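Take a look at the letters that make up each chain.
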Amino acid sequence: MNQDQLKALVGQAALAYVPDGAIVGVGTGSTVNHFIDALATIKHRIQGAVSSSDASSERLRRHGIPVFDAGSVERVPVYVDGADEIDGHGCMIKGGGAALTREKIVADLAERFVCIADASKLVDTLGKFPLPVEVIAMAAPQVARRFAEQGGVATLRAGVLTDNGHPLLDVRGLAIAQPEALEAEINQWPGVVTVGIFGRLRADVCLLGTEQGVRTLVF
């Protein structure tokens, strides 16, 4: 199977975690697009979705799935999203699709985080994938210097603004052995909106697409 087929496999498998009558938390990205397409096949069984990006909201609406504003929903039973990297404890790097802040907001509403990914995303230590950081524009150079002090090289993602209108830094050269601690530290730096380490809001379950089928990891 190619990577796209593996993504479709886990997107379909995630339907097993969607309870009847639910408002479903929906993430962003190419793997999630497969989940949205699969979700459309059971749209008569759910109330709708809360989405983490304009792109996902548009895809949901095209399928006739109602999209609720996150501010109008107190809790959702499940949030389904991909990852750029995930470790053996369910901690992730996310933000390759530039939706990390809204992804954290929707993930925080959820009782369960189901990560869907192909097997290449499972790593021993986070950091090979560049760490996305959403920042206030005027703080970008200052935040980049802070990363340099920690051995990281931060560069602006050219031509990209988040749905919130902010630029992104991508940070290379980090080995993130303690995700929660580093996440907490970076989130305190002035000008940082969100760092793409999902440690506090880690996955509860990961559905990995492999050549042998879907491998389920429970954390």
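Going by the structure above, here's the rest.
The sections below set out a description of the structure shown in this document. (Residues numbered from 1 in each chain as written. Predicted model: local features only at pLDDT ≥ 70, side-chain atom pairs only at ≥ 80, totals over all residues. Heavy atoms only, no water.)

## Let's talk about the overall build of the protein
Each helix and strand counted, the protein has six helices and 14 strands in total. By residue count, 53% of the 219 residues in the protein fall in the buried class. Long-range contacts, defined as pairs at least 24 residues apart, comprise 72% of the intrachain contacts of the protein with a sequence gap of at least 6. Total accessible area on the protein stands at roughly 9,800 Å², and carbon and sulfur atoms take up 50% of it. A gap of 2 Å separates the mean positions of the 20 positive and 25 negative side-chain charges of the protein. (Helix = DSSP H or I, 4+ residues; strand = E, 2+ residues; numbered from the N terminus. Buried < 20%, exposed > 50% of the residue type's maximum accessible area, 1.4 Å probe, protein only. Contact = heavy atoms within 4.5 Å. Areas by Shrake-Rupley, 256 points an atom, 1.4 Å probe, with all protein chains shown as cover. Lys, Arg positive; Asp, Glu negative; His and termini not counted. Charge placed at Lys NZ, Arg CZ, Asp CG, Glu CD.)

## Here's the deal with the layout of surface pockets
In this structure, the largest pocket spans a volume of roughly 240 Å³. Considering the residues around the largest pocket, the lining is formed by 19 residues, among which Thr28, Gly29, Gly82, Ala83 and Asp84 are closest to the centre. For the lining of the largest pocket, the secondary structure elements donating two or more residues are helix H2 (30-39) and strand S7 (113-118). A per-class count over the lining of the largest pocket returns four nonpolar, eight polar and seven charged. The space that makes up the second largest pocket amounts to roughly 190 Å³. Considered class by class, the residues forming the lining of the second largest pocket number six nonpolar, four polar and four charged. (1 Å grid on protein atoms, 1.4 Å probe; cavity = no way out; pocket = protein on both sides within 12 Å on 5 of 7 lines; lining within 4 Å. Points joined across faces, edges and corners; volume = space filled by probe spheres on them. Nonpolar A, V, L, I, M, F, W, Y, C, P; charged D, E, K, R; others polar.)

## Some thoughts on the sheet that holds strand S10 (residues 168-172)
Spatial ordering of the open sheet is given by S9-S10-S8-S11, a layout of four strands whose pairing is antiparallel. The strands lining the two open edges of the sheet, one partner per strand, are strand S9 (153-156) and strand S11 (192-195). Neighbour to neighbour, the strand axes of the sheet diverge by 30° on average, direction disregarded. With three bridges connecting them, strand S8 (residues 131-135) and S11 associate as antiparallel partners. Following the sheet pairing, valine 135 is matched in S11 by valine 192. (Pairing = 2+ DSSP bridges. Axes fitted to C-alpha atoms, helices over the stretch in contact; angles between N-to-C directions.)

## Brief notes about the packing of helix H1 (residues 3-13) against H2
With their axes 8 Å apart at the nearest point, H1 and H2 run at an angle of 50° to one another. With respect to their mutual orientation, H1 and H2 come out oblique. Of the two elements, H1 crosses H2, and the hand of that crossing is right-handed. Within the contact between the two elements, H1 uses Asp4, Lys7, Ala8, Val10, Gly11 and Gln12 and H2 uses Ser30, Thr31, His34, Phe35 and Ala38. (Parallel < 35°, antiparallel > 145°, perpendicular 65-115°, else oblique. Left-handed = near helix turned anticlockwise from the far one by under 90°.)

## What about the packing of H2 against helix H3 (residues 54-62)?
Where H2 contacts H3, the two axes come as close as 9 Å, and the packing angle between them is 25°. On the basis of the axis angle, H2 is roughly parallel to H3. Of the two elements, H2 crosses H3, and the hand of that crossing is right-handed. Where H2 approaches H3, its residues Val32, Asn33, Ile36, Asp37 and Leu39 are matched on the opposing element by Ser56, Arg59 and Leu60.

## As for the side chain of lysine 94
Here lysine 94 shows up in the loop between strand S6 (92-93) and helix H4 (100-109). In terms of polar contacts, lysine 94 uses its side chain to reach the backbone carbonyl oxygen of glycine 82, at 2.8 Å. Non-local contacts of lysine 94, meaning those with residues more than four positions away in its chain, are made with Asp81, Gly82, Ala83, Asp84, Leu100, Glu103, Phe113, Pro132, Gly196 and Phe198. (Polar contact = N/O pair within 3.5 Å; in protein donor to acceptor, adjacent residues only side chain to side chain.)

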